[in-house]
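Listed below, chain by chain, are the residues.
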Amino acid sequence: MNRLALFFSLFLLSSAAAASCARPWLLPPRSLPSSGPTHVWGVNLNATRTQVTLTGDVELLRPRLYLQAGQLRWDRQNDVITARNSVRAQTDQVMLKTDLLTWWRQQQRVATNAVIFQLRDRNARGSAARFEHRHKAQTSNLKRAQLTTCPLGTDDWFFRFSDLKIDQKAQRAYGTHAWFDFYGVPLFYSPYISYPLNDRASGFLMPVFESYQSPNRTSSSWIVGIPYYFALAPNYDDTLTVLQMQDRGTLLDNEFRYLTPRQHGMLTLSGIQDEIASSQGITWTDAQGQHHTGKTLDTRWRLKWISQFRLTDHLRGQVDWHEISDPDFYADIPLESAYRTASTLPRTLQLDWRQDNVSAFIRHRDYVRLRNAGYNYETRPQLGITWQKALSRTWRTQLYAENSWFEIPVAGHTKPEGQRLRLKPTLWARWNRLWGDWGATLQMNAVSYELISHAPQKRLDSAVPTVSVDGRLIFERDIHLFGKPWTQTLEPKLQLTWTPYVDQETQPLFDTGTRSLSFDNLFALNRFSGGDRVGDTLRLSAALTTRLLDTRGKERLSAAIGQAFYLTPRYVTLGANRKDDSRYSHIFAQLRAHSGPLFSDNVAEINPADSSVRNLTNRLAWRQDRFTFLLNHQLANNLQSNEEQTLASGFFWQPHGRWQLGAYVNYDLKRDLRSETNYALGYDNCCWRTELRLEETKLADGRYNYGFQFVFVLKGISTLGTPMSQLLNEKIGAF
């Protein structure tokens, strides 16, 4: 009877449904032995030469099978076993109820009528008027079958089949005259359905429905996508999606994925014969908000290749490559939401080598220019090598060398181009004790330029040393707050940094900028990022930090304040050198908390002259039970001409066990306008889920694009559209 495990290894469900609700069982689950003898119990036994009959609460237990019935009969002459009257059977895969089950042992064939079943490892159950399984052929046939993933007692939806054939060799199910019933209403019919039984079988995926309004279009267009999945091999697959765009025509989007022991990646190709672009030309809006119409274009396409690979144990690489037919492809064709308002697409080719104390890389980095792109430097190529060694427990050294070629491969710019050689040797010393730590750093930044255009001098060289010493003390005390024991620390820190003035005004700015707002940057050796400027300074940085630790030593609250004091004027800037004789920096303050559902991280840069906040970052997260809220507030260059202030927030709330609400808003507080908003409403009742999402995105010409997406999920069967939680995680994760 262990053959019962085979004929329900089906079933139309290539993945288990997420068990968000308790699942009642068709039968009380019973643990089954994997090996051992067969045991049979009953009240009455009647045996003859031709048959053996057991009646009265019959039980049969054998490896991977438990069966209960009112009667069990073995026809010795034909070698047929028949179970009758309230048959209850459990295997390691399925539970079933029926009144008659017949097993032809020699033919290895099982048949039953009026069966109700439930899969043990998947949220699936159903019924069939007739079921027959042939073990040798590994096929099963069901008549008038029904299938759902709703729990027992909930019959919200069913798939109904006139005939259903399960081919385990081909790992496919074939159904005829299939109906989809939702709350008793037939919504969908197909004369024939072929469906994969495993996770990697070729077949149609659920369609996608959405609307999209591209720039310079006055109305939204509907898009319908039909994807087909090709299971080429265990480590290769391909998805071809045919998207019908209401006004533009048919777009083919093909995604090929591969995974081998030494590489993995994805290659995407898309193409469309654009009816609008071929008849009306390509339209766009420039940075000043003016509308333009360009030449006509019949075929529009894109290519994206992302890959990581390992050539040897020491040599690895990565590819992130893009190609497009025209700069407005992603603005008009909604294939990648992240690229719809982008002005460039970064491209990278890189090889990395690492062995023992030495690492090296060679990198090519450039950009695909989209509409309204600026002039960005590209490295073609960049080579770097790092050697480091621990001389002792206290002393450590490192040498970094880099050679880069910077260029802007477009006409109309006046920026210098050329080659930069950079050397940066560093020597560290560090001593650690329970009560604190102290150390010293000696670093040299040397650069050499060979410029070819837009530069008064073709050869430039500079070398700038930096010396730094720092120390920190740690004081601790035990306190009681809120009825709990805590450890509070007080940690004063000082750092003295000296970098002499070296004139760097004529050096280009290839990859250099001002460091972003961060409390740790108060102790950075160089106030600039990149390799083209080393800021001169004689600076004393001071900070005071206090932390609140729980009994496990985990930080729950910390507050810090710090400031730098300049003992000499500073002359090196990102523009023309000019004297900066301020005696102290802005004040940096940080407050961070992590307690239960709350996480908060706040950094402020305060001008002590007028106590105004110059830069501010506030991050807040609250995650508890059914509610998640995240917020990110950024204020940059306050009270200056280039002031910017943005607020991005999102939440996900389940006010009731079945209803879900979600929203994401990105607001430009300086310009008093919405950059992007998403609103979503969902309903979840354990076996199906539906979501309605509205999207609003600001376009370059000041208008808004309004999108609509409908998400419908039959749990364990299919998904239509992008789930709301995934969308919100992508948006909120960007915080």
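Since we're looking at a predicted model, the values are computed, not measured.

### Concerning unusual backbone geometry
Across the junction of Arg380 and Pro381, the peptide omega takes the value -5°, indicating a cis bond. You can see Pro381 is positioned in strand S25 (residues 378-390). One non-glycine residue with positive phi stands out, namely Asp57, at about 50°. Position of Asp57 relative to the elements: it lies in strand S3 (residues 51-62). Here Asp57 falls in the exposed class, since its relative accessible area comes to 65%. Of note, Asn85 is a non-glycine position whose phi angle comes to about 65°, a positive value. You can see Asn85 is positioned in strand S5 (residues 80-91).

### A short note on the side chain of Asp437
Here Asp437 is to be found in strand S28 (residues 436-453). Of the residues examined, Asp437 reaches a relative accessible area of 10% and is grouped as buried. Reaching out from Asp437, the side chain makes a polar contact with the side chain of Arg430 at a distance of 2.8 Å. If we skip the residues at most four places from it in the chain, Asp437 touches Arg430, Trp431, Asn432, Gly471 and Arg472.

### Focus on the pattern of salt bridges
Under the defined criterion, the tally for this structure stands at 43 salt bridges. Arg371 is the partner of Asp328 in a salt bridge, and the nearest nitrogen-oxygen pair spans 2.6 Å. Highlighted residues: Asp328 in the loop between strand S22 (315-324) and helix H2 (329-332) and Arg371 in the loop between strand S24 (358-369) and S25, separated in sequence by 43 residues. Three or more residues joined by partner-sharing salt bridges are found here, namely Arg430, Asp437, Asp470, Arg472, Glu491, Arg547, Glu555 and Arg592.

### Observations concerning the nonpolar core
The biggest cluster of nonpolar side chains holds 40 residues, and the ones touching the most others in it are Leu67, Trp157 and Trp688. The element contributing the most residues to this core is strand S10 (residues 157-167), with five residues. Formed by 14 residues, the second largest nonpolar core is a distinct cluster that contains Leu243, Ile272, Tyr330 and Val368.

### Digging into the pairing of strand S34 (residues 537-549)
As paired elements, strand S31 (residues 484-499) and S34 share 13 bridges and run antiparallel to each other. Considered in S34, the bridge of Lys493 is made with Ala543. As paired elements, S34 and strand S35 (residues 555-566) share eleven bridges and run antiparallel to each other. By the bridge assignment, Leu540 is partnered in S35 with Phe565. Where S34 folds back on S35, the antiparallel hairpin that results is connected by five residues, among which Gly553 adopts a positive phi of roughly 80°.

### A look at the packing of aromatic side chains
Tallying each qualifying case throughout the model produces 25 aromatic pairs. With 6.4 Å between their ring centres and 25° between their planes, Phe159 and Phe161 make a pair best called stacked. Each member of the pair Phe159 and Phe161 is classed as buried. For the ring pair Tyr377 and Phe510, a centre distance of 4.9 Å and an interplane angle of 80° mean the geometry is edge-to-face. Of this pair, Tyr377 sits in the loop between S24 and S25 while Phe510 sits in the loop between S31 and strand S32 (513-514), placing them 133 residues apart in sequence. Here Phe510 falls in the buried class, since its relative accessible area comes to 7%. Among the aromatic residues, those joined into a cluster by ring pairs are Trp157, Phe159, Phe161, Phe180, Phe182, Tyr183, Trp659, Tyr683 and Trp688. The ring of Tyr66 carries the charged tip of Arg30 above its face, separated from the ring centre by 4.1 Å. Its guanidinium or amino end placed over the ring of Trp428, Arg396 lies 4.2 Å from that ring's centre, counting from NZ or CZ.

Cut-off values and rules
- Starting from 1, residues in each chain are numbered consecutively following that chain's sequence as written.
- For this predicted model, a pLDDT threshold of at least 70 governs which residues receive local features, and a threshold of 80 or more governs which side-chain atom pairs are given and counted, while totals over whole chains, interfaces and linings are taken from all residues.
- Side-chain figures throughout are based on the complete set of non-hydrogen atoms in the structure, without hydrogens or water.
- For helices the rule is a DSSP run of H or I covering at least 4 residues; for strands it is a run of E covering at least 2, with both sets numbered from the N terminus onward.
- The buried label goes to any residue with under 20% of its type's maximum accessible area, the exposed label to any with over 50%, and the partly exposed label to all in between, with areas taken from a 1.4 Å probe on protein chains only.
- For the purposes of these results, a polar contact is taken to be a pair of N or O atoms within 3.5 Å, where, inside protein, one atom must be able to donate a hydrogen and its partner to accept one; residues adjacent in sequence count only when each atom of the pair is a side-chain atom.
- Only heavy atoms matter for contacts: two residues are in contact if any of them lie within 4.5 Å across the pair.
- A pair is scored as a salt bridge if a Lys or Arg side-chain nitrogen falls within 4 Å of a carboxyl oxygen belonging to Asp or Glu.
- Buried Ala, Val, Leu, Ile, Met, Phe, Trp, Tyr and Cys residues form a nonpolar core when they are joined through side-chain atoms within 4.5 Å.
- Criterion used throughout: strands pair if DSSP finds at least two bridges between them.
- For Phe, Tyr and Trp, rings pair up if their centres lie within 6.5 Å, where Trp contributes its six-membered ring, and each pair is then called stacked (planes under 30 degrees apart), edge-to-face (over 60) or tilted (otherwise).
- Any Lys NZ or Arg CZ that is within 6 Å of a ring centre and within 35 degrees of that ring's normal is treated as a charge sitting over the ring.

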